[in-house]
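Listed below are the residues making up each chain.
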Amino acid sequence: MLLIRCPYCNAERPELEFTYGGQAHIARPQDPSTFTDEQWRDHLFIRSNPRGIHAERWRHIHGCGRFFNAVRDTVTDKFVVTYKAGQPRPDQSEAEGTSP
């Protein structure tokens, strides 16, 4: 079973307690009224799907209920680091030296 560390509860819990929330660090548009339908489609639905390291949003549904960010390797499914929502993504060297 995959264990995920919740940065708010400060504990590793089984993956069944969490749900995936999409790609992390998506900036909302400054003036949404200027977006065309195609731009809205791209903003809402088009996301990167890289092979390897990827920043994601997760929610601890059966715990604190809060959203947090995680850097995960999509090839191995290993969580490199988790961090609280609103914090900047750790750089690669910082993330590799942190707990899973």
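In what follows, the structure referred to is the one given above.
Analysis parameters
- Residues numbered from 1 in each chain as written.
- Predicted model: local features only at pLDDT ≥ 70, side-chain atom pairs only at ≥ 80, totals over all residues.
- Heavy atoms only, no water.
- Salt bridge = Lys/Arg side-chain N within 4 Å of Asp/Glu carboxyl O.
- Buried < 20%, exposed > 50% of the residue type's maximum accessible area, 1.4 Å probe, protein only.
- Core = buried A, V, L, I, M, F, W, Y, C linked by side-chain atoms within 4.5 Å.
- Helix = DSSP H or I, 4+ residues; strand = E, 2+ residues; numbered from the N terminus.
- Pairing = 2+ DSSP bridges.
- Axes fitted to C-alpha atoms, helices over the stretch in contact; angles between N-to-C directions.
- Phe/Tyr/Trp six-rings, centres within 6.5 Å; stacked < 30°, edge-to-face > 60°.
- Lys NZ or Arg CZ within 6 Å of the ring centre and 35° of its normal.

*Asks:* I'm lost on the pattern of salt bridges in this one. Help?
*Replies:* A side chain of one charge can pair with a side chain of the opposite charge when the charged atoms of the two come close. Taken as a whole and judged by the stated rule, the model has four salt bridges. Of the charged contacts in the structure, one is a salt bridge between glutamate 17 and arginine 13, with a shortest N-O distance of 2.9 Å. Look at glutamate 17 and you get buried, because its relative accessible area is 14%. Among the residues examined, arginine 13 registers a relative accessible area of 35% and is labelled partly exposed. Its salt-bridge partner being aspartate 42, residue arginine 41 comes within 2.9 Å of it at the nearest N-O pair. Several salt bridges converge on common partners, so that one network encompasses Glu56, Arg72 and Asp77.

*Asks:* Could you clarify how one ought to interpret the nonpolar core in this entry?
*Replies:* Most often, soluble globular proteins keep nonpolar side chains buried together rather than apart. Listed in full, the seven residues of the largest apolar core are Ile4, Cys6, Phe18, Trp58, Phe68, Ala70 and Phe79. For this core, the secondary structure elements donating two or more residues are strand S1 (3-6) and strand S5 (67-73). Ala55, Val80, Val81 and Tyr83 belong to the second largest nonpolar core, which has six residues in total.

*Asks:* What is the right way to read unusual backbone geometry from this model?
*Replies:* Glycine aside, a negative phi is what most residues show, and trans is what most peptide bonds show. If you check the backbone angles, histidine 25 has positive phi at about 65° while not being a glycine. With respect to the secondary-structure elements, histidine 25 resides in the loop between strand S3 (19-23) and helix H1 (37-45). One non-glycine residue, aspartate 77, lies in the positive phi region at around 70°. Along the chain, aspartate 77 turns up in the loop between S5 and strand S6 (79-84). Residue aspartate 77 is classed as partly exposed on the basis of its relative accessible area of 34%.

*Asks:* Is there a simple way to explain the sheet that holds strand S4 (residues 53-59) in this structure?
*Replies:* Backbone-to-backbone hydrogen bonds pair the strands of a sheet. The strands run either parallel or antiparallel. Judged by pairing direction, the sheet is antiparallel, and its four strands sit side by side in the order S3-S4-S5-S6 without closing on themselves. On the outer flanks of this sheet lie S3 and S6, each paired with one strand and no other. In this sheet, neighbouring strand axes are inclined to one another by 35° on average, regardless of whether the strands run parallel or antiparallel. Relative to S5, S4 runs antiparallel, the two sharing seven bridges. Note on S5: the bridge partner recorded for histidine 54 is arginine 72.

*Asks:* Explain the packing of aromatic side chains here, please?
*Replies:* Think of a pair of aromatic rings as described by two things: how far the centres are apart, and how the planes are tilted against each other in angle. This structure, assessed with the given rule, holds four aromatic pairs. Of the aromatic side chains, those joined through ring pairs into one cluster are Tyr20, Trp58 and Phe79. Seen from the ring of phenylalanine 67, arginine 57 lies directly overhead, with NZ or CZ sitting 4.3 Å from the centre. Here arginine 66 stacks its cationic end above the ring of tyrosine 8, 3.9 Å away from the centre of that ring.

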